[in-house]
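Structural description and commentary
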Amino acid sequence: MFARLMISPTMSIPDTPKYAATKPLKILHTSDWHLGRRLYGRLRYDEFESFLQWLEDTISAQQVDILIVAGDIFDTMTPSNKAQALYYEFLGRVSRSCCQHVVIVAGNHDSPTFLDAPSNVLKFLNVHVIGTACDDLEDEVLVLGDDDNNPHCIIAAVPYLRDRDVRSSSAGESADSKDANVIKGIGAHYNEVASIAKGKQAELIKIHQRHIPIIATGHLFAAGGKTTDDDGVRDLYVGSLGQISADMFDEGFDYVALGHLHVPQRVGGLESIRYSGSPIAMGFGEAKQQKQVLLIQFGATESFDNDSLRPNAIPQLASKDTNVKTDTIETSAEKAIKKAPVQAGFIDDLFGFDAPAANHEMATTAIQEDTDNQQEHDHKSKPNNDSDQMQVTSLPVPTFQQLAQISGDLTMIANTIKALILTESIWLEIVYTGDEIVSDLREQVQGMVEDLPCEVLKIKNTRTYNKILNQQQTSETLQDLNEMEVFERCLTINDVADSQKDSLRDAYGQILYHLHHEDRQAE
């Protein structure tokens, strides 16, 4: 089991004939697990445990060679004992599976030093952890091989690059200058890592006479990336600094596995630069998304068995009303895929935010045609060598806890709740958008769900003057507000002049950034 270690391109390896890709290399890309995260105070360990078990089963079913986790393994820099237990138990089980290597990089929610601490032990399980940006960038470039020391691929394992990793600050520096220096620093880091990786690739190609793919990782915000309102995605840098574009990545990267954004999507429309998205809905704003992991295959491509792409059967919520936003997985993935929105061309967010297609049969056919077109494009991109071919397949993740967001006036909310077909417990967020002032909104909503397998976690009232009434009645709590909203209340209460607010917001934003990104585990 411990023979599958990293190999060096300078090791003495006997000459081999030109590689005939009889067995393709399979890589599974996931990110943003956020182990330990709560939803309005509710613990979610059962969901995390179910996802990790599903992921383990998927690795075995798809015969995955390498698992990549692109950051935000934990939700905080000081994860609970339960969150840590889930993480280490999963790694222990996967190390005994068909998966030959696991590559983990830190995200902005993770403590780099906490992840790095056991790395020298985990490497004996072929788990390669890069928590902190390395002083010697050679250490971020991993050559991964099989039991016989034949190289699979090269991983440019770049973690989340913190502000101090990519630029030096100076007094009086403008926002534009900071932004330019952050982008420049990130680009320089990736350029140097790419140069090292391509050097190793050239040596290995010379020996093995076949293409050795380079896969880069990253935990960053791509310009134009999609987010949702309550996904908990923090700014990586102060303000909107550090948003990168697709052309920052070297063309030598065969695939770039990204984390940070919870919506599955491409960067710049490129199939080879992808966010896998979070595997479970981190907030009600994500409840409508079909979550996924990405299976990347290099070499002679295989035909996938549709059954193997289906999530486990999970009892589900169905709705007859279009005002309920819910992540609905029925008793088979075929039904889930049939409900996936279809647009012209292969869509950047595979599962999108649009309403399900009305004609299920047509939807399935169109998605299959899109996938065929995508694969044809991938195959044509490098036609002269089977080992150059790349195919990306999205594997839908089952829903382990039903979430639904219901909006409207009281009549609409009541009718929507009645229209739900409930087969198991569901967590609800209610958004009241009616014109009338309702002083007992919470009591009325609780009456609507009485004796139903529903739990209302959040009630929002969008009327401004009703919010003021709620504040006077002290029914609004800190749990309902984020840090900036609390700060805005302080500015209002203290009658701060408008001319001073922008500078105070900027200063407070910098304080929040340092609080969120300080690694308290570091010595």
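Higher on the page you've got the structure.
What you see is a predicted model; the values in this text were computed from it and never measured. (Residues numbered from 1 in each chain as written. Predicted model: local features only at pLDDT ≥ 70, side-chain atom pairs only at ≥ 80, totals over all residues. Heavy atoms only, no water.)

Moving on, we get to the sheet that holds strand S16 (residues 390–396). Ordered by their spatial adjacency, six strands build an open sheet running S4-S3-S2-S1-S13-S16, and the pairing between neighbours is mixed. Lying at the two open borders of the sheet, with one neighbouring strand each, are strand S4 (127–130) and S16. Adjacent strand axes in the sheet meet at a mean angle of 20° when their direction is disregarded. Across four bridges, the pairing between strand S3 (residues 101–105) and S4 is parallel. Bridge pairing links Val-105 to Ile-130 in S4. (Pairing = 2+ DSSP bridges. Helix = DSSP H or I, 4+ residues; strand = E, 2+ residues; numbered from the N terminus. Axes fitted to C-alpha atoms, helices over the stretch in contact; angles between N-to-C directions.)

Our next topic: the pattern of salt bridges. This model, assessed by the stated rule, comprises eleven salt bridges. For the salt bridge of Glu-271 with Arg-266, the shortest nitrogen-to-oxygen distance reads 2.5 Å. Residue Lys-460 is joined to Glu-429 by a salt bridge in which the shortest nitrogen-to-oxygen separation is 3.5 Å. Highlighted residues: Lys-460 in strand S20 (residues 454–461) and Glu-429 in strand S19 (residues 426–432), separated in sequence by 31 residues. Residue Glu-429 is classed as buried on the basis of its relative accessible area of 0%. One network of salt bridges, with partners in common, ties together Arg-266, Glu-271 and Arg-274. (Salt bridge = Lys/Arg side-chain N within 4 Å of Asp/Glu carboxyl O. Buried < 20%, exposed > 50% of the residue type's maximum accessible area, 1.4 Å probe, protein only.)

Before going further, it helps to spend a moment on the packing of helix H1 (residues 45–62) against helix H2 (residues 81–94). It is the contact of H1 with H2, at a shortest axis distance of 11 Å, that shows an interaxial angle of 10°. Looking at the two axes, H1 sits roughly parallel to H2. Every residue of H2 that contacts H1 at Tyr-45, Phe-48, Glu-49, Leu-52, Gln-53, Leu-55, Glu-56 and Ile-59 is listed here: Lys-82, Ala-83, Leu-86, Phe-90, Arg-93 and Val-94. When its residues are assigned to classes, the contact of H1 with H2 shows nine nonpolar, one polar and four charged. (Parallel < 35°, antiparallel > 145°, perpendicular 65-115°, else oblique. Contact = heavy atoms within 4.5 Å. Nonpolar A, V, L, I, M, F, W, Y, C, P; charged D, E, K, R; others polar.)

What follows is about the pairing of strand S1 (residues 25–30). Here S1 lies mainly inside the structure; six of its six residues are buried. Residues Leu-25, Ile-27 and His-29 point to one face of S1 and Lys-26, Leu-28 and Thr-30 to the other, with burial holding for every one of them. With four bridges joining them, S1 and strand S2 (residues 66–70) adopt parallel strand pairing. Along S2, the bridge assignment pairs Leu-28 with Leu-67. Tracing the backbone out of S1, into H1 and back to the parallel element S2 gives a crossover that is right-handed. (Right-handed = clockwise from strand over helix to strand, strands pointing away.)

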